[in-house]
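Listed here are the chains, written in short residue letters.
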Amino acid sequence: MAVREEALGRYAELVADDPREFRVHGSVYTDPALFDVEMRAIFERTWVYVGHESEVPAPGDYKTVLVGTQPLIVTRHEDGRIYALYNRCRHRGAVVCRQERGHSNFFRCRYHNWVYANNGDLIGMAQSTGYPDDFDRSRYGLVPAPRFENYRGLLFVSLAADGPSFDEHIAPVRRYIEYWLGRSPAEAVEVSLPPHRYEYPGNWKLQAENGTDGYHGNYVHLSWQRVLALAREATVEESQHYRQSGSARGLAGGHGLLERPGSLNPNSSWTARMMHRYPDYDAAMRRRFTDEELVQISARRNIFVFPNLFLFETHFRVIVPKAVDRTEVQLYVYALRDVPDAINQGRFRGHERFFGPAGFGTPDDIEIFTEVQSGVRARGEEWLLLNRGQHRERIENGEWVGHTTDEAPQRALYRQWRRLMAEA
Amino acid sequence: MPALTVADAERFLFAEARLLDERRFEEWEALFTEDAVYWLPIDPTLDPAQAVAIIYDDRKRLHERVYRLTRTPVLDQNPPSRTLRLVSNVEVTPLADGEAAVDCRQLIAEMRPGGPGQQGLNTPRLFPAHCHYRLRHLDGAWKIALKKVVLLTADEPQYNLSFIP
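Please read all numbers here as calculations on a predicted model, not as lab measurements.

Caption draft 1: Quick look at the overall build of chain B. Each helix and strand in chain B was counted, giving three helices and six strands. Starting at the N terminus and walking to the C terminus, you meet the elements of chain B as α-α-β-β-α-β-β-β-β. Against the globule reference of 15 Å for 165 residues, chain B gives a C-alpha radius of gyration of 16 Å, in line with a compact fold. The proportion of buried residues among the 165 residues of chain B is 35%.

Below is the structure:
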């Protein structure tokens, strides 16, 4: 098939949105030129998650991030506001910050001592008499990201001045984010640093697809299910049955989720179990929410926010594409605010048990990413199938809703990918 | 109670390294006390109650780890890691109550063999680490009450660490 040659400049054709056989072309995982286009057409166009406000709680706190391949500083200024600034001196282009995170009341370029405030203002340079009296410093601050949004503590930037607003971008997934926050009676979370970090020799979309994939669990995570059986927490049969419940949803804008049903029964949901175990938590939750809301809140969801964020029960998962076949993933565990300490400590230890580079689940997923990356080079047949459940999915409130093992979220992801790449 | 000499500590650490390199994980697990902790911090200065670690195993979790590696269809150790551990710079500090602190440096070389062109396989990796042990003399033998492994790259992104570092 000659798609590879013809596709240059025609990336949208690499996703076949066929009503019976939704497919993506293998080159979306392997083509370095396509990766460069993705960085510009997706990561430098749409809204990208850069962190949580609790990572920079005090004025002067900062973290550095990559948005696609673009280096930014996210920092809190003395005015209390958070700024997202390109990490690049306006003079000769050196970075002004080399650390991953820290605290500093200014950013100084080490080449010629140009100094910037945490809001990006240029506040001085070495031997400034070398510039004329009318040199207008206000024109030479660190360049801010064109658009920045603090949505309930979650920080997003868009490196494009135009395009859909943040509200438009987040609207399809907003109510799920609010349920997710609702496990805290203050509806707030606090990130616990440092994050888990892992890196695999594979494409970034493999992680994006997998976090809402309800089909692989009983096979890839059989060893995890055996550990749960050893601990007498669930038999393998119970774990496998659980993984058949709920739904997989594809949302507009490329977002998606994998959802297990909520319940007020302590035997059926984590939230209800914690409420049963900790009367203070129970009282605070019942003061804040109705029973109907509590059922929604207690539903366990893996929420994908296109293109680089998952919200999991224990962590924010941030995808950092590094090359077409190299991806870093950061897991920022968070505490639920205003809950008993024992709940959060239990969540940390529970997180380590499955997630992270030495957990009992994550390494099995990573293994699969490398197996796909190794396999998609084969050109005997270049298309991958993402058509599971297409014949049985239904549309509800603008969402594609499928059986929990169906590929509705992955199709939503690639529809958005196709839309953005078509504009490249 | 006998004092732990550097020679004793080296014999103990070399034997432990051999058990891990030979994938004799159940024998390795038996080196730990019932209240033992096996800890790979991301930031060794942080209280594990307040931060996640790469590994923070109590004895029950450690048993799960060994069980998973040895008795379940684990993908990330199939093919299994080959490891080769060098143990060096051993220092012993006597502690109260029949315990001794042992600090050492370890260099763990790891590789998973596989077919041609397999991502993630056939690539040797090196893990230099500072290791801290607390050993306790119990029933005539030294046991591990604490094993803390601080990788040089503890806060860097890691590929599969499911072999036992």
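Caption draft 2: Structural detail: the nonpolar core. With 133 residues, the main nonpolar core has Val50(A), Leu72(A), Val74(A), Ala84(A), Val157(A) and Ile303(A) as its most contacted residues. Two domains share this core, each providing at least three of its residues, namely domain 1 (48-158) and domain 2 (170-261 + 299-422) of chain A. When residues no more than four places from it in sequence are discounted, the contact partners of Val50(A) are Val65(A), Val67(A), Leu72(A), Val74(A), Ala84(A), Leu155(A), Phe156(A) and Val157(A). Residues Phe25(B), Trp28(B), Leu69(B) and Leu75(B) belong to the second largest nonpolar core, which totals seven residues.

Caption draft 3: Inspection of the interface of chain A and chain B at higher detail. Listed by partner, the interface residues are 35 residues for chain A and 32 residues for chain B. Broken down by secondary-structure element, the contributors of at least two residues to the side of chain A that touches chain B are β14 (196-200), α7 (222-230), β20 (326-336), α12 (341-354) and α13 (362-375) of chain A. Element by element, the count of residues in the side of chain A that touches chain B is highest for α13(A), at seven residues. Broken down by class, the residue content of the side of chain A that touches chain B amounts to 16 nonpolar, ten polar and nine charged.

Caption draft 4: The arrangement of α13(A) in detail. Residue and element names in this part refer to chain A. For α13, built from 14 residues, the straight-helix expectation of 20 Å at 1.5 Å per residue is met to within 8% by its first-to-last C-alpha distance of 20 Å. The buried fraction of α13 amounts to ten of the 14 residues, a majority that puts the element mostly inside the structure. If you check which residues of α13 are buried, you get Thr 362, Pro 363, Asp 364, Asp 365, Ile 366, Glu 367, Phe 369, Thr 370, Gln 373 and Ser 374. On its buried face, α13 sits against β14, α5 (204-210), α6 (217-220), α7 and α12.

Caption draft 5: Molecular detail of the environment of Ala109(B). Residue and element names in this part refer to chain B. Summarising the element assignment, Ala 109 is placed in strand β4 (residues 99-111). We classify Ala 109 as partly exposed; it has 15 C-beta atoms within 10 Å. Sequence separation of Ala 109 and Pro 128 is 19 residues, and the distance between their C-alpha atoms is 8.5 Å.

Caption draft 6: Inspection of the sheet that holds strand β6 (residues 82-86) of chain A at higher detail. Residue and element names in this part refer to chain A. The sheet built from four strands is open, its strands ordered β6-β5-β4-β7 with antiparallel pairing. Each edge of the open sheet carries a strand with a single partner, namely β6 and β7 (101-103). Each strand axis lies, on average, 25 degrees off the axis of its neighbour in the sheet, ignoring direction. Two strands pair when backbone bridges link them, and strand β4 (residues 61-67) and β7 are joined in this way by three bridges, in the antiparallel orientation. Residue Asp 61 lies in a different strand from β7, and its bridge partner there is His 103.

The rules behind each value
- Residues numbered from 1 in each chain as written.
- Chains lettered and ligands numbered in written order.
- Predicted model: local features only at pLDDT ≥ 70, side-chain atom pairs only at ≥ 80, totals over all residues.
- Helix = DSSP H or I, 4+ residues; strand = E, 2+ residues; numbered from the N terminus.
- Rg over C-alpha atoms; globule rule 2.2 N^0.38 Å.
- Buried ≥ 20, exposed ≤ 12 C-beta atoms within 10 Å, placed from the backbone.
- Core = buried A, V, L, I, M, F, W, Y, C linked by C-beta atoms within 7 Å.
- Domains from an automatic or database assignment.
- Contact = placed C-beta atoms within 7 Å.
- Nonpolar A, V, L, I, M, F, W, Y, C, P; charged D, E, K, R; others polar.
- Expected span 1.5 Å × (residues − 1).
- Pairing = 2+ DSSP bridges.
- Axes fitted to C-alpha atoms, helices over the stretch in contact; angles between N-to-C directions.

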